[in-house]
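Given next are the chains, with one letter for each unit.
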Amino acid sequence: MAACTGFSSDHFKSICTFLILFSLSSYLGSTIKHCLADANVEVLCLDAEREGLLAFKESLTDPSGRLSSWVGQDCCKWNGVYCNNQSGHVTQLNLRNPYQLINGGVGDSTAYKGSCLGGKINPSLLHLKYLDTLDLSLNDFEGAEIPEYFGQLKNLRYLNLSFSSFSGEIPPQLGSLSSLQYLDLYADSFSSNSGSLALHAQNLNWLSGLSSLKLLNLGFVKLDHVGADWLQAVNMLPSLVELRLHYCQLQGIPLSLPFINFTSISVLDLSENSFNSAIPPWLFSLTSLTKLYLRWNFFTGHIPNEFANLKLLEVLDLSNNLDLGGQLPKLFGILRRLKSLDLSANNLNGEVHEFFDGFSGRPNNLEYLDLSSNSLEGELPKSLGNLKNLQYLRLSGNSFWGSIPSSIGNLSSLRKLDLSYNGMNGTIPESFGKLSELVDANLLQNSWEGILQESQFMNLKRLESFRLTTEPTKKFVFNVSYNWVPPFRLKSIQIENCQVGPSFPVWLQVQTELTSVILRNVGISDTIPGDWFSKLSSEITYLILSNNQIKGKLPRQMNSPNLRSIDLSSNHFEDELFLQDNRFSGPLPENIGSLMPRLQRLYLSWNQLSGRIPSSVCNLEDLQILSIRSNKLSGEFPNCWYHSQMFWGIDISNNSLTGSIPSSFGSLRSLSVLLLSNNNLSGGIPYSLQNCTGLTSIDLGGNQLSGNLSHNNFSGAIPRCIGNLSALVYGNNSEVFQQLIWRVVKGRNPEYSNIIADVNSIDLSWNNLTGQIPDEIGNLSALHILNLSHNQLSGAIPQSLSSLASLSKLNLSFNNLAGKIPSLPNFNDPSIYEGNPLLCGAPLPTKCPGKHSPLH
């Protein structure tokens, strides 16, 4: 029975209940068998049945080895096999997938698929002539048809094939199973190709043979060809206790029946069949009903008073019928056993006093009430407090107004309160603080006034989500002391247009489990604690602190892979924002310059950002670093960099940018790192870059430029202004430059290592450069690497190269250089100069002619 744990839906509860009751005899038998075993009496399974099981196993796929115990002579000891303790006959085969569902879903689809049995169902099962239970649920048979020979398993009382991806027509041979009590063919599945699978039936005449049937679940089975006869077929099952026909595409529901035969029915689910009719009167003759699900059927008219006949009703779901209208009747207070009432998403109107008054003066068990998304109005009555067992109260999406009644404090079991999207324009009572079980309070989109004090929070020890917004013209104040520490730790908070500040109070500072933070226009003008951001959960999805006057520094690092939205606009934040490697998608905000006007460093590399880089980024006058490499950005880079005096690091590599390199980069006198590689940039390299005298690293490779630097299509001469790169002129410590690049790239060591190798280097190889190597290159006394190979450079090698004491690597090969090689004691490898047929002198074997030679 371990497979029954972890399920919350009524469907799985029903399965487990039947399995437990039905299997009780087997467990008792198993116990007796062990006792007999102690008395040296042992009953083994029969050879024919063992062979039948082994043939059945051979036809299955079992990737997780669930049937690995199926070895040896005694099949009664095999996993999922149960035998009669006296005869040794196999009576039960329970191969339900033990995979634990998460909130009704599989979670990890790969792990689920790996736990499924599949393949073919071998007819060798017919050797199990005494089989009374067969459970193959939650597996994946990938569209296989239900075998017709299942109808020959005459002793079957329990057959569960739900959630197992069967398709085709339900074999009418199942109607031969006259002993069958439980039949679950629920046809939805968790298979990746479930959308292409369809289990269907042309008619339900075969049901007439199942006279013992107590539970029938045909959810998601297509019954659109059955017509209105479906009800008559079901009505012939006198023992039926539970009927589930959820989402069966039934074509209409009869409004009357000549007689009612299935009066024993306790659970009826006809939801999501789009009947488009009034609620049929025959329903009110089913006085044994405890659970009735009628959602999404587009029932019309009023709620019939005859619901009062269903005295045993515990669950009633009439939600999402849209046109079910009229006022809420008083009758529901009569149904003393009612625990769950869902009337949401209908057209109910008027006030609710009569409805709540119906619960006065009599005990009730109502735990769940959903009246959301209707047209209800008026003030909430004091009689709301009569629902003392209520745990979930959903009243959102109506037109309620006024204050929350003080009687709400009587709802001591309340876990969720949803009053969002109403016109509540009053106050929240002191008694709100009595809701000690409250987990989720949603008071969004109202017009609240008044104050909230510490006393209204002191007992809310279980509170995890608190959401309250009011109109900007209203005055709502959180009146708590600065040092107050609340008893709760929130996971979600949303407060808008309320007065929480001016300080950033301790009760907010101690919330370290937040996954969603929205504090918009809450009057905070304080300096935010430096470690507050780092205390937020790494699972945070929303971070919105806009329209305040918050001061302080933004986090140095923010690893938030689930972050969907961040808005820090209209504050006074300083410094930098690290959001790289977070799977962000979509464009950068067009108004990014006004969202964070004091931003100094923006790290958004290794995301999935697309669109253009907005020109408003030039308005970030304090910007120092812009690092957005490895995204999907396109368009031209803005050419508006005239006022950014502190801007020294740009990394937009590995995008799809087009156009030319902005000439306004020449205005960035502090520019030190410029990484533009692997885009679609074209045109020339602007001469204005000679003004960037602090430039230490530049990478323009993998573009379509005409100018200089390696592996491009550059042409023309090397500009003489190359000697103006003062960072390469003076002997600055290269470790400083490495730190500069690290601060720009920020994050992935392999990419950083590739870039850092080029610090204090000039690589113009593999281009079409012409002209002479300028003498001014000898001014670059801090130069470590010079690679001018594979060009069309001509003329002599400048003697000034001999003054480059820091130069450790040199490559001038494959050009048109001519004349005598100058004395360069550290570069005696002939390969440095090869491919220049007009060069002569050591270390080449070609000797130079006399001094009157034209080569001299």
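Values in this document were obtained by computation on a predicted structure and should not be read as measured data.

Caption draft 1: Summary view of the overall build of the protein chain. On a plain count of helices and strands, the protein chain comes out with 11 helices and 53 strands. Split into buried and exposed, the 856 residues of the protein chain put 54% on the buried side. Taking as baseline every contact in the protein chain between residues at least 6 positions apart, the subset at least 24 positions apart corresponds to 59%.

Caption draft 2: Focus on the state of the cysteines. Inspection of every chain in the model, using the stated rule, returns 4 disulfides. Residue pairing for Cys 76: its cysteine sulfur links by disulfide to Cys 83, the two sulfurs lying 2.1 Å apart. Residues Cys 76 and Cys 83 are joined through a disulfide that is left-handed, its torsion about the S-S bond being -100 degrees. Classification of Cys 83 by relative accessible area gives buried; the value is 14%. One disulfide bridge connects Cys 618 with Cys 640, the sulfur atoms lying 1.9 Å from each other. Between Cys 618 and Cys 640 the disulfide shows an S-S torsion of about 70 degrees. By sign, it is right-handed. Taken together, the residues Cys 618 in the loop between strand S37 (608–611) and strand S38 (625–627) and Cys 640 in the loop between strand S39 (632–636) and strand S40 (649–651) connect sequence positions 22 residues apart.

Caption draft 3: Main features of the sheet that holds strand S35 (residues 585–586). Taken together, the 4 strands give an open sheet; going across it, the order is S35-S37-S39-S41, and neighbouring strands pair in parallel fashion. Strands with a single pairing partner mark the edges of an open sheet, and in this sheet they are S35 and strand S41 (656–658). One ladder, built from 2 bridges, connects S37 with S39; its direction is parallel. Its bridge partner lying in S39, Ser 610 is registered against Lys 632.

Caption draft 4: Here's a closer look at helix H2 (residues 47–58). With 12 residues, H2 should reach 16 Å at 1.5 Å per residue; the first-to-last C-alpha distance of 17 Å fits that figure. Along H2, the positions that sit buried rather than exposed are Glu 49, Arg 50, Gly 52, Leu 53 and Phe 56. Down the axis, H2 shows its buried residues gathered within 160 degrees of arc, on one side only. Summarising the geometry of H2, the exposed residues directed more than 90 degrees from the buried face are Asp 47 and Glu 58. Where H2 is buried, its residues contact strand S1 (60–61), strand S2 (81–83) and strand S3 (90–94).

Caption draft 5: A look at the pattern of salt bridges. Under the criterion given, the structure shown has 14 salt bridges. A salt bridge links Asp 317 to Arg 295; the nearest nitrogen and oxygen atoms lie 3.4 Å apart. One end of the pair, Asp 317, is in strand S15 (residues 315–317); the other, Arg 295, is in the loop between strand S13 (291–293) and strand S14 (301–302), with 22 residues separating them in the sequence. Assessed through its relative accessible area of 10%, Asp 317 is described here as buried. When salt bridges with common partners are traced through the structure, they connect Lys 113, Asp 140 and Glu 142 into a single cluster.

Caption draft 6: Inspection of the nonpolar core at higher detail. Phe 150, Trp 230, Phe 332 and Leu 545 are the most contacted members of the largest nonpolar core, which totals 189 residues. Among the elements that make up this core, the one with the highest residue count is helix H4 (residues 230–235) (4 residues). Trp 230 has contacts with Leu 204, Leu 245, Leu 250, Gly 252, Ile 253, Pro 254, Leu 270 and Phe 275, leaving out every residue within four places of it along the chain.

Caption draft 7: Representation of unusual backbone geometry in the model. For the bond from Gly 501 to Pro 502, the omega torsion is 15 degrees, close enough to zero to count as cis. Within the fold, Pro 502 resides in the loop between strand S28 (492–496) and helix H6 (506–509). Cis geometry marks the peptide bond from Ala 842 to Pro 843; its omega dihedral reads 10 degrees. Topologically, Pro 843 is positioned in the segment after strand S53 (838–840). If you check the backbone angles, Phe 163 has positive phi at about 55 degrees while not being a glycine. Turning to its location among the elements, Phe 163 is positioned in the loop between strand S6 (158–160) and strand S7 (168–169). A positive phi angle, near 60 degrees, is found at Ser 165, a position not held by glycine. Within the secondary structure layout, Ser 165 lies in the loop between S6 and S7. Note on Ser 165: relative accessible area 3%, which makes it buried.

Caption draft 8: Seen up close, the packing of aromatic side chains. Applying the stated criterion across every chain yields a total of 34 aromatic pairs. Between Tyr 149 and Phe 150, the aromatic rings sit 5.7 Å apart at their centres with planes inclined by 85 degrees, giving edge-to-face as the arrangement. The pair Tyr 149 / Phe 150 is uniform in exposure class, with both members buried. On the numbers, 5.4 Å between centres and 70 degrees between planes, the contact of Trp 532 with Phe 533 is edge-to-face.

Caption draft 9: Structural view of the environment of Asn 562. Mapped onto the elements of the fold, Asn 562 is located in the loop between strand S31 (551–553) and strand S32 (565–567). With 20 residues separating them along the chain, Asn 562 and Tyr 542 place their C-alpha atoms 8.7 Å apart.

Caption draft 10: Main features of the side chain of Ser 546. On the secondary structure map, Ser 546 appears in the loop between strand S30 (542–544) and S31. With a relative accessible area of 1%, Ser 546 lands in the buried category. Among the polar contacts listed, one links the side chain of Ser 546 to the side chain of Arg 520, at a separation of 3.3 Å.

Caption draft 11: Spatial organisation of the environment of Leu 395. Among the secondary structure elements, Leu 395 is positioned in the loop between strand S21 (392–394) and strand S22 (399–401). For the pair Leu 395 and Ser 344, spaced 51 residues apart in sequence, the C-alpha separation works out to 8.7 Å. With residues near it in sequence (within four places) discarded, Leu 395 still touches Leu 371, Ser 372, Leu 380, Phe 400, Asp 418, Leu 419 and Asn 422.

Caption draft 12: Layout of the sheet that holds strand S50 (residues 794–795). As summarised here, the arrangement of the 3 strands in space is S50-S52-S53, forming an open sheet in which the pairing is parallel. Both edges of this open sheet fall to S50 and S53, since each of them pairs with a single strand only. In this sheet, S53 lies alongside strand S52 (residues 816–820) in parallel orientation, the contact comprising 3 bridges. What sits directly across from Gly 819, in S53, is Leu 839.

Thresholds, definitions, all that
Residues numbered from 1 in each chain as written. Predicted model: local features only at pLDDT ≥ 70, side-chain atom pairs only at ≥ 80, totals over all residues. Heavy atoms only, no water. Helix = DSSP H or I, 4+ residues; strand = E, 2+ residues; numbered from the N terminus. Buried < 20%, exposed > 50% of the residue type's maximum accessible area, 1.4 Å probe, protein only. Contact = heavy atoms within 4.5 Å. Disulfide = S-S within 2.5 Å. Pairing = 2+ DSSP bridges. Expected span 1.5 Å × (residues − 1). Arc of directions from axis to C-beta. Salt bridge = Lys/Arg side-chain N within 4 Å of Asp/Glu carboxyl O. Core = buried A, V, L, I, M, F, W, Y, C linked by side-chain atoms within 4.5 Å. Phe/Tyr/Trp six-rings, centres within 6.5 Å; stacked < 30°, edge-to-face > 60°. Polar contact = N/O pair within 3.5 Å; in protein donor to acceptor, adjacent residues only side chain to side chain.

Shape is all these values report; function is a separate question.
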